[in-house]
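Below, each chain spelled out in residue letters.
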Amino acid sequence: VRFIAILLALILGKPSLAAEAIYDFAAFDTTIAPDFDEKTIIGETRITVTAAGGAVASFDVTANALRVDAVQGGRITATQNGLWTVTLDAPLRPGRMTTVTVKYSGKPARGLIFGEDVVYTSYFACDWMICAQDRPGDKAAFTLRLDLPPGLTSLGPGTMSREPGTRGLERHVWRETRPYSSFLYGFAAGRMTSAFLPSRRIVLAVLAERGAADSARIQSMFATTGEMLDFFEAKAGVPFPHARYTQLLVKGWEAQEATHFSIIGTQMIDPILANLQEDWVIAHELAHQWWGNLVTCADWSEFWLNEGIVTFMTAAWKEQKHGRAAYDREMDLARKRLATAAEAGFDKPLAWRGDYPSLRIRRAVQYSKGALFLDALRTEIGDGAFWAGLKLYTQRHAGGTVVSADFQRAMEQASQRDLSAMFKTWVTG
Ligand SMILES: [Zn+2]
């Protein structure tokens, strides 16, 4: 996949990427011991990297605030633009694989939140482990060993087993063999209450931070999750790829998708108790299981393929569950948000490669304009072709990474139409 990205970069004339060594992360194996009193961690990440093209002498990971205590297999130097370069002890020959192990400790600057009896992650995985946050197109297997005080509950990627612990700690081993992008790596551990939701096929769990909500409240908040899962599965044409989906409920404002779970803050979901139509956060994070997690943008300039599609699918869920007026309201909201970007002079094409002045304006384009584009496309080619195209795109690229041209190809195939003018107007500019 990385290779395709490089080829595209060559075609598009991006010399900075073309000059990069072509490597591919195959696996990350991380061990972490959180210190709940000090709010620090001690950890170790074993990185398996492959030389995908020519020889590879070094690779880059995201710089973070942790202290590197030891490196085996290479050495780390800080480079500019928020990266650390890992120079291998010996250059890697084409097609070969090697591992580098980094031991570290300290207090992550972002991405790890210590609550009263709990610790959980949010988005910035490469702040608490060694990985590459900004290579969404480079998916890798992920194993996470958590060394925890006895009796805690944990949540991590894939499925859990136990290994003998040391120093009086219990070791929970979470292993995900399906490759995922680093920004989706995450975990939680602590004293949490668990609840189970009605479901047709897979296990639907909620893990809640203590004091976040009682079980009756949890059941009413998350009641429609199973129905949503069925809706997204049908539209994707791809079954949910795990035996279990967990929603981690924490206090505050979180709304974050991860490998096969989501982190949801009470502030984001509380409005649902007053109005059942306020279910966007459950729908948005669940929809990411297909669009974002399984089918992932090759780089951040294609991020609308994660967020625009999911914003649209949230509206589509609302249409199915609450009626057309609920869908229209989502589109009106998207139009208002895009208007703020236009006022700031940033009504950019969806796959624009430049920098946005703020997160709000970037989201107005990649989330809101993305959803409006799908709505326009749906109107243009009709419901039958539109949903067939979305299904084709999702089935074809499940487990892989995508660029806008992949989406266009599926939509053109399903509609039997040349959509290049429309894609030029909305997507490439
Ligand atoms: Zn999202």
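Preceding this section is the structure that the text describes.
All figures in this text were calculated on a predicted structure; none of them were measured in a lab.

**Student:** Honestly, the overall build of the protein chain in this entry has me stumped. Any pointers?
**Tutor:** Scanning the protein chain for helices and strands turns up 13 helices and 21 strands. Taking 2.2 N^0.38 as the reference for a compact globule, 429 residues should give roughly 22 Å; the C-alpha atoms of the protein chain span a radius of gyration of 22 Å, in line with that estimate. Over its C-alpha atoms, taken along the principal directions, the protein chain stretches across nearly 60 × 55 × 40 Å. Counting across all 429 residues of the protein chain, residues that qualify as buried make up 52%. Once local pairs closer than 6 in sequence are excluded, the contacts in the protein chain between residues at least 24 apart make up 67%.

**Student:** Looking at this structure, how should I read unusual backbone geometry?
**Tutor:** With glycine set apart, most residues show a phi of negative sign, and most peptide bonds adopt trans. The backbone of Tyr 123 sits at a positive phi, close to 65 degrees, despite the residue not being glycine. Secondary-structure assignment places Tyr 123 in the loop between strand S9 (118-121) and strand S10 (140-148). For Gln 416, which is not glycine, the phi torsion reads 55 degrees and is therefore positive. Here Gln 416 shows up in the loop between helix H12 (404-415) and helix H13 (420-428). On the accessibility criterion, Gln 416 (69% relative accessible area) is exposed.

**Student:** Would you mind showing me how to read the coordination of the zinc ion here?
**Tutor:** By definition of the ideal shapes, four donors in a tetrahedron about a metal sit 109.5 degrees apart, and six donors in an octahedron sit 90 or 180 degrees apart. All of the protein donors around the zinc ion are His 284 (NE2), His 288 (NE2), Glu 307 (OE) and Glu 307 (OE); their distances to the metal are 2.1 to 2.6 Å. Around the zinc ion sit four donor atoms; with metal-centred angles ranging over 54 to 150 degrees, the donor geometry is irregular. Read in sequence order, the donor residues for the zinc ion give the motif H-x3-H-x18-E. Separated by 23 residues along the polypeptide, His 284 in helix H7 (residues 280-287) and Glu 307 in helix H8 (residues 304-322) bring together distant segments of the chain. Comparing His 284 with Glu 307 shows no difference in burial state: the two are buried.

**Student:** Looking at this structure, how should I read the sheet that holds strand S14 (residues 188-190)?
**Tutor:** Spatially, S8-S9-S14-S11 is the arrangement adopted by the four strands of the open sheet, whose pairing is antiparallel. Across the chains shown, the open sheet's two edge strands, defined by having one partner strand only, are strand S8 (112-114) and strand S11 (153-155). Looking at each pair of strands side by side, their axes are set apart by 10 degrees on average, direction ignored. Where S11 and S14 come together, three bridges link them in antiparallel fashion. The partner of Leu 155 across the bridge, within S14, is Ala 188.

**Student:** How do you make sense of the nonpolar core when you look at a structure like this?
**Tutor:** Nonpolar side chains in soluble globular proteins tend to end up buried together. In this structure, Trp 128, Phe 232, Leu 249, Trp 291 and Phe 407 are the most contacted members of the largest nonpolar core, which totals 114 residues. Formed by eleven residues, the second largest nonpolar core is a distinct cluster that contains Tyr 120, Ala 188, Met 192 and Ile 263.

**Student:** Explain the packing of H12 against H13 here, please?
**Tutor:** The packing of two helices is summarised by the inter-axis angle and the distance between the axes. Between H12 and H13, the least distance of the axes is 11 Å, while the angle of their chain directions is 145 degrees. Of the two possible hands of crossing, H12 and H13 adopt the one that is right-handed. Residue-level inspection shows Ser 404, Phe 407, Gln 408 and Glu 412 of H12 in contact with H13, the latter providing Ser 420, Phe 423 and Val 427. Counted by class, the contact of H12 with H13 contains three nonpolar, three polar and one charged residues.

**Student:** Please explain the state of the cysteines as it appears in this structure.
**Tutor:** Disulfide: a covalent bond formed between the sulfur atoms of two cysteine residues. Taken as a whole and judged by the stated rule, the model has one disulfide. In this model, Cys 126 is linked to Cys 131 through a disulfide, with the two sulfur atoms separated by 2.0 Å. Around the S-S axis, the bridge from Cys 126 to Cys 131 shows a dihedral of about -110 degrees and counts as left-handed. Here Cys 126 matches Cys 131 in class, with each residue buried. No disulfide involves Cys 297; its sulfur sits 14 Å from the nearest other cysteine sulfur, which is in Cys 126.

**Student:** Help me understand the packing of H7 against H8, please; the structure alone is not making it clear to me.
**Tutor:** Between H7 and H8, whose axes approach to 9 Å, the crossing angle comes to 130 degrees. Here H7 is positioned oblique relative to H8, judged by the angle of their axes. The two elements H7 and H8 cross, and the hand of that crossing is right-handed. Here Trp 280, Ala 283, His 284 and Ala 287 of H7 lie close against H8, whose contacting residues are Glu 307, Val 310, Thr 311, Met 313, Thr 314, Trp 317 and Lys 318. Residues that form the contact of H7 with H8 fall into these classes: six nonpolar, three polar and two charged.

**Student:** Is there a simple way to explain the packing of aromatic side chains in this structure?
**Tutor:** Aromatic rings in a pair are described by how distant their centres are and how their planes are angled relative to each other. Across all of its chains, the model carries 33 aromatic pairs by this definition. Where Phe 142 meets Tyr 185, the ring centres are 4.0 Å apart and the plane angle is 10 degrees; that geometry is what we call stacked. Highlighted residues: Phe 142 in strand S10 and Tyr 185 in the loop between strand S13 (170-180) and S14, separated in sequence by 43 residues. On the basis of relative accessible area, Tyr 185 is assigned to the buried category, the value being 2%. Members of the aromatic cluster, joined through ring pairs, are Phe 231, Phe 232, Phe 240, Tyr 245, Trp 290, Trp 291 and Trp 317. For Arg 110, the ring lying beneath its charged end belongs to Phe 124, and the centroid distance is 3.9 Å. Taking the ring centre of Trp 387 as reference, the NZ or CZ of Lys 235 above it sits at 4.2 Å.

**Student:** Which parts of the structure should I look at to understand the side chain of Lys 369?
**Tutor:** Locating Lys 369 in the fold gives a position in helix H10 (residues 359-381). Contact partners of Lys 369, with chain neighbours within four places excluded, come to Leu 338, Asp 347, Lys 348, Pro 349, Leu 350, Ala 364 and Trp 426.

Cut-off values and rules
Residues take numbers from 1 onward in each chain, read along the sequence in its written order. Under the rules for a predicted model, residues below a pLDDT of 70 receive no local features and side-chain atom pairs below 80 are neither given nor counted, while totals for whole chains, interfaces and linings still include all residues. The side-chain quantities take in all heavy atoms of the structure and omit both hydrogens and water. For helices the rule is a DSSP run of H or I covering at least 4 residues; for strands it is a run of E covering at least 2, with both sets numbered from the N terminus onward. Here the radius of gyration uses the C-alpha set of atoms, whereas the globule reference equals 2.2 Å times the residue count to the power 0.38. The rule is simple: take the accessible area with a 1.4 Å probe, protein chains only, and divide by the maximum for that residue type; under 20% is buried, over 50% is exposed, in between is partly exposed. Residues are treated as being in contact if the distance between any of their heavy atoms lies within 4.5 Å. Donors, by definition, are the N, O and S atoms found within 2.8 Å of a metal, the threshold being 3.2 Å for Na, K and Ca, and water is not counted, so a site can look incomplete. Metal sites are grouped by the angles between bound donors: all angles between 85 and 135 degrees with four donors is tetrahedral, opposite donors over 155 degrees apart with the others between 65 and 115 is square planar for four donors and octahedral for six, and any other pattern is irregular. For two strands to count as paired, DSSP must find a minimum of two bridges between them. For helices, the fitted axis covers only the stretch in contact; all axes are lines through C-alpha atoms, and the angles between them, taken along N-to-C directions, range from 0 to 180 degrees. In these notes, a set of buried Ala, Val, Leu, Ile, Met, Phe, Trp, Tyr and Cys residues joined through side-chain atoms within 4.5 Å is what counts as a nonpolar core. Should the near helix be turned anticlockwise from the far one by less than a right angle, the crossing is left-handed, and should it be turned clockwise, the crossing is right-handed. Amino acid classes used here: Ala, Val, Leu, Ile, Met, Phe, Trp, Tyr, Cys and Pro are nonpolar; Asp, Glu, Lys and Arg are charged; the rest, including Gly, are polar. By convention in this document, the label disulfide applies to cysteine sulfur atom pairs within 2.5 Å. What sets the label is the angle itself: under 35 degrees gives roughly parallel, over 145 gives roughly antiparallel, 65 to 115 gives roughly perpendicular, and the rest give oblique. Pairing of aromatic side chains requires ring centres within 6.5 Å, counting the rings of Phe and Tyr and the six-membered ring of Trp. Pairs whose planes differ by under 30 degrees are stacked, by over 60 edge-to-face, and all others tilted. Look at NZ for Lys and CZ for Arg. If either is within 6 Å of the ring centre and within 35 degrees of the ring normal, a charge sits over the ring.

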